[in-house]
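Summary of structural features
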Amino acid sequence: MERDFNRIKVVLAEKKRTNKWLAEKLCKDPATVSKWCTNSAQPCVETLFSIAECLEVKVKDLLNDSVKVSD
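Residues numbered from 1 in each chain as written. Predicted model: local features only at pLDDT ≥ 70, side-chain atom pairs only at ≥ 80, totals over all residues. Heavy atoms only, no water.

A few words on the environment of W36. By secondary structure assignment, the location of W36 is in helix α3 (residues 30–37). Looking at W36, the relative accessible area reads 5%, which means it is buried. Through-space distance from the C-alpha of W36 to that of R7 is 9.0 Å; in sequence the pair is 29 residues apart. Setting aside chain neighbours within four positions, we find W36 in contact with N6, I8, L26, K28, A41, Q42, P43, T47 and I51. (Helix = DSSP H or I, 4+ residues; strand = E, 2+ residues; numbered from the N terminus. Buried < 20%, exposed > 50% of the residue type's maximum accessible area, 1.4 Å probe, protein only. Contact = heavy atoms within 4.5 Å.)

The subject of this paragraph is the environment of V11. Here V11 shows up in helix α1 (residues 8–14). Along the primary structure V11 and A52 are separated by 41 residues, whereas in three dimensions their C-alpha atoms are 9.5 Å apart. Beyond its immediate chain neighbours, meaning those up to four positions away, V11 contacts L55, V57, D61 and L62.

On to the pattern of salt bridges. With the rule as written, the count across this model stands at 1 salt bridge. Between R7 and E14 there is a salt bridge, with the nearest N and O atoms lying 3.6 Å from each other. Accessibility expressed as a relative area gives 24% for R7, which makes it partly exposed. (Salt bridge = Lys/Arg side-chain N within 4 Å of Asp/Glu carboxyl O.)

Right, dumping it as structure tokens:
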């Protein structure tokens, strides 16, 4: 079952930024950011606000409107 809760990878691409850049801005391990981008892990709410601030977007822009669950 795959669930894409966030759009962090998409927004990074739109802003022409990399996982490494975001990891440095947030003082996080690049592996952690990679997990967020692949939706294998999710950032906490506070971190979502920090990500949004770094990328100059609203938090809602980082989240999918509907979660698709595939069998």
